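Chain and residue survey
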Amino acid sequence: MARPQESWAVFIGVGKYDDANLPDVPEVREGALALRDVLIDPDGGGLLAENCLIVPEDATREEVADTIVKATRKATDLLLIYYAGHGTRGWDKSDLVLSVRETNPERAGFSGIRFDDLRGFLSQSGARAKVVILDCCLSGRAVGQPLAEDGGNWRRDPHRRGRDDDLRARER
């Protein structure tokens, strides 16, 4: 069980986009808020509401990054990052970029949040446990270097063979 005072969560639900190549998906915002509600319920996750940061739907790349930085610096027990929205390809076609309102898919590496950059930043966090939940296309591209310094203990879900978006992490 997480220690509520030392645990922080960031909920990013991007459902509106400026670029016509990224269709709006308003449901993701509602999903992010619903997950937050479950996690702050004393009978659910028991996290403190004031430690659960909701990124505004129209937030820029910099505003999203600032919110993640705040939670990452404060969390010493659990750090949870939830993202729902469009996942796009970066410069290297194997890269995952998390889209924000102003993301342009043709230059997503400049206008979105590269998952490799997020992973690198989170790996510097002093949080005991780091959890990233991605609800987006191409989420399987997030599999790579683990968030934990010791490499974590990764396994594939045995019931969903062949799907790279079904990776699970578990504590040793």
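Values in this document were obtained by computation on a predicted structure and should not be read as measured data.

The subject of this paragraph is helix 4 (residues 115–122). Turning to helix 4, its buried residues are Phe115, Leu118, Arg119 and Leu122. Summarising the axial view, the buried residues of helix 4 lie within an arc of 100°, below the 170-degree limit, and thus occupy one face. Contact partners of the buried residues in helix 4: helix 2 (61–74), strand 3 (78–84), strand 5 (96–98), strand 6 (113–114) and strand 7 (129–135).

On to the pairing of strand 1 (residues 8–13). Burial analysis of strand 1 places 6 of its 6 residues in the buried class, which makes it a mostly covered element. Across 6 bridges, strand 1 lies against strand 3 in parallel orientation. Opposite Trp8, over in strand 3, you have Leu79 as the bridge partner.

Moving on to the sheet that holds strand 1. Taken in spatial order, the 4 strands line up as 2-1-3-7 in an open sheet, and their pairing is parallel. The sheet terminates laterally at strand 2 (52–54) and strand 7, the two strands that pair on one side only. Strand-to-strand twist of the sheet, defined as the mean angle between neighbouring strand axes without regard to direction, takes the value 10°. Pairing of strand 1 with strand 2 involves 3 bridges; the strand directions are parallel. Residue Phe11 lies in a different strand from strand 2, and its bridge partner there is Ile54. Contacting strand 1, strand 2 and strand 3, helix 1 (residues 27–40) crosses the sheet at an angle of about 160° to strand 1. Packed onto the sheet, helix 4 meets strand 3 and strand 7 and runs at close to 165° relative to strand 7.

For the rest of this paragraph, the subject is the side chain of Thr103. For Thr103, the location among the structural elements is in the loop between strand 5 and helix 3 (108–111). Of note is the side chain of Thr103, whose polar atom sits 3.2 Å from the backbone oxygen of Ser111.

Parameters at a glance
- Residues numbered from 1 in each chain as written.
- Predicted model: local features only at pLDDT ≥ 70, side-chain atom pairs only at ≥ 80, totals over all residues.
- Heavy atoms only, no water.
- Buried < 20%, exposed > 50% of the residue type's maximum accessible area, 1.4 Å probe, protein only.
- Helix = DSSP H or I, 4+ residues; strand = E, 2+ residues; numbered from the N terminus.
- Arc of directions from axis to C-beta.
- Contact = heavy atoms within 4.5 Å.
- Pairing = 2+ DSSP bridges.
- Axes fitted to C-alpha atoms, helices over the stretch in contact; angles between N-to-C directions.
- Polar contact = N/O pair within 3.5 Å; in protein donor to acceptor, adjacent residues only side chain to side chain.

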